Amino acid sequence: MQKLYCHLLLLSLSSLSHLTLAHPWPWTQTQRQFNQPTNYEGSSNLVDLQYHMGPILSSPINLYIVWYGSHWNPNHQSTIRDFLYSLSSPAPPPSVADWWRTIRLYTDQTGSNITGNIILSGEFYDSTNSHGNYLTRLTIQSIIKTAVTSYPRGLPLNYENGLYLVLTSSEILVQDFCRAVCGFHYFSFPAIVGVTVPYAWVGYSGTQCPGMCAYPFAWPKDSGKPPPETSGGVMGSPNGDAGVDGMISVIAHELAEVSSNPLVNAWYAGDDPTAPDEIADICVGVYGSGGGGGYVGQVYKDSWGNGFNVNGVRGRKFLVQWVWDPVKGRCFGPNAMD
Ligand SMILES: *[C@@H]1O[C@H](CO)[C@@H](O)[C@H](O)[C@H]1NC(C)=O
């Protein structure tokens, strides 16, 4: 879950308290912030990440995508699929699978590590928007219910090692999306889905709030800060769509957190279990060495000048934020310079 850091540019104090009240129970979510007051890259004294004895995702993960909304474009979908395939496939270093290696360093009380196998096991197209165009946080669970009960092309209800990823297209409004969150993860309630399974939701932000959720490929106009790249404005996106390339890092963030804290009782920092800082929350906005406080860190440029920090399958390049490395005690990614 995303503890709401003092986000001086985008959120006023009154909106912060409103957001806190709006959460009736703990959700783990992602907020982009680019002026995070503390640079955690290279410092561990401020982070108190602890294991709270709950399960992690140590068995091979069967990942199921629900494409919700009628505005999905096949190019966007293939970018996202290639990213998911890249999590457990070889690619030139530093690779997406190398990035996942940091997440595999987390263990549970039996000593089992988070799995390195993430298998894209099914996709469901909810292009008629079965639950409408405005979704509450709870409706995401109803969308999963619809996907696993549809006939004949429904997804299996895999409560042993399933993980459901609900992705909403540009026209879909989601509660708190673009105001407090870019994505979140949680687990389903038996009363809605029938079983408890971990899931995550990430929205396409390209039209609704690229400056917040597709950072650093877009930059909020009212931020009062200059674009991060001095030449040519904002950073170019490596797969040609800022909204999708921004989603990739949010998907990566949520997958890292749902794997290390699927029932919200395993790995997180902070004293408040209803507002935990999880392994990716701690490193939001950091993509390379020296990152933090509004600077993305040292990343690479492709031949068109677009930013990336990891390689994937089929020659793809992606920019994914770093996560907390429990061994090194700092935010880390495979493109680190040290
Ligand atoms: C499992 O986690 C431990 C503790 O972080 C680490 O030393 C070990 O290398 C990890 N194993 C794998 C396969 O990542």
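Basis of the calculations
Residues numbered from 1 in each chain as written. Predicted model: local features only at pLDDT ≥ 70, side-chain atom pairs only at ≥ 80, totals over all residues. UniProt positions renumbered as here; feature names shortened; annotations may be inferred. Core = buried A, V, L, I, M, F, W, Y, C linked by C-beta atoms within 7 Å. Buried ≥ 20, exposed ≤ 12 C-beta atoms within 10 Å, placed from the backbone. Helix = DSSP H or I, 4+ residues; strand = E, 2+ residues; numbered from the N terminus. Contact = placed C-beta atoms within 7 Å. Pairing = 2+ DSSP bridges. Near = placed C-beta within 6 Å. Nonpolar A, V, L, I, M, F, W, Y, C, P; charged D, E, K, R; others polar. Expected span 1.5 Å × (residues − 1). Axes fitted to C-alpha atoms, helices over the stretch in contact; angles between N-to-C directions. Parallel < 35°, antiparallel > 145°, perpendicular 65-115°, else oblique. Left-handed = near helix turned anticlockwise from the far one by under 90°.

As recorded by an unreviewed UniProt entry, the protein chain carries the name Protein EXORDIUM-like 7 and is attributed to Camellia sinensis var. sinensis. Listed in UniProt under the heading Sequence similarities (unreviewed entry), the comment for the protein chain reads: "Belongs to the EXORDIUM family." Entered under Subcellular location (unreviewed entry) in the UniProt record, the comment concerning the protein chain runs "Secreted, Extracellular space, Apoplast".

Peer 1: Please clarify how the nonpolar core should be interpreted in this entry.
Peer 2: When a protein is soluble and globular, its nonpolar side chains tend to lie buried together. By size, the foremost hydrophobic cluster in this structure holds 91 residues, and its most contacted members are Val-66, Ile-144 and Val-166. If one sorts the elements of this core by residue count, helix H7 (residues 242–260) sits on top with 10 residues. In this structure, Val-166 is in contact with Val-66, Tyr-68, Ile-140, Ile-143, Ile-144, Tyr-199 and Trp-201, ignoring residues within four places of it in sequence.

Peer 1: Sorry, what's going on with the pairing of strand E9 (residues 198–203) here?
Peer 2: Looking down a regular strand, the side chains alternate between one sheet face and the other. Across the 6 residues of E9, 6 count as buried, placing the element largely inside the fold. Burial of E9 is two-sided: the residues Pro-198, Ala-200 and Val-202 facing one way and the residues Tyr-199, Trp-201 and Gly-203 facing the other way are all buried. Here strand E6 (residues 162–168) pairs with E9 via 5 bridges, running parallel. Bridging from a neighbouring strand, Leu-165 pairs with Ala-200 of E9. Two strands pair when backbone bridges link them, and strand E8 (residues 183–187) and E9 are joined in this way by 5 bridges, in the antiparallel orientation. Within the sheet, the bridge partner assigned to Tyr-186 lies in E9 and is Tyr-199.

Peer 1: What is the right way to read the pairing of E6 from this model?
Peer 2: Counting buried positions over the 7 residues of E6 gives 7, a clear majority of the element. Burial of E6 is two-sided: the residues Gly-162, Tyr-164, Val-166 and Thr-168 facing one way and the residues Leu-163, Leu-165 and Leu-167 facing the other way are all buried. With 7 bridges connecting them, strand E3 (residues 61–68) and E6 associate as parallel partners. Directly across from Val-66, in E6, lies its bridge partner Val-166.

Peer 1: I'm lost on the site of the ligand in this one. Help?
Peer 2: In the region of the ligand, the neighbouring residues are Arg-104, Leu-105, Thr-107, Asn-113, Pro-326 and Val-327. Classifying every residue of the shell around the ligand gives 3 nonpolar, 2 polar and 1 charged.

Peer 1: Quick question: what am I supposed to make of helix H2 (residues 74–86) here?
Peer 2: Side chains that are three or four residues apart share a direction in an α-helix, a result of its 3.6 residues per turn. With 13 residues, H2 extends 18 Å between its outermost C-alpha atoms, agreeing within 8% with the 18 Å of an ideal straight helix rising 1.5 Å per residue. The complete set of buried residues in H2 reads His-76, Thr-79, Ile-80, Asp-82, Phe-83, Leu-84 and Ser-86. Each element contacted by the buried residues of H2 is listed here: E3, helix H3 (96–103), strand E4 (118–126), H7 and strand E14 (317–318).

Peer 1: I'm lost on the packing of H2 against H7 in this one. Help?
Peer 2: Helix-helix packing is described using two parameters, namely the angle between the two axes and the distance between the axes. Between H2 and H7, whose axes approach to 10 Å, the crossing angle comes to 30°. With respect to H7, the axis of H2 lies roughly parallel. The way H2 lies across H7 gives a crossing that is right-handed. The residues of H7 that touch H2, namely those facing His-76, Thr-79, Ile-80 and Phe-83, are Val-244, Met-247, Ile-248 and Ile-251. When grouped by side-chain class, the residues that make up the contact of H2 with H7 number 6 nonpolar, 2 polar and no charged.

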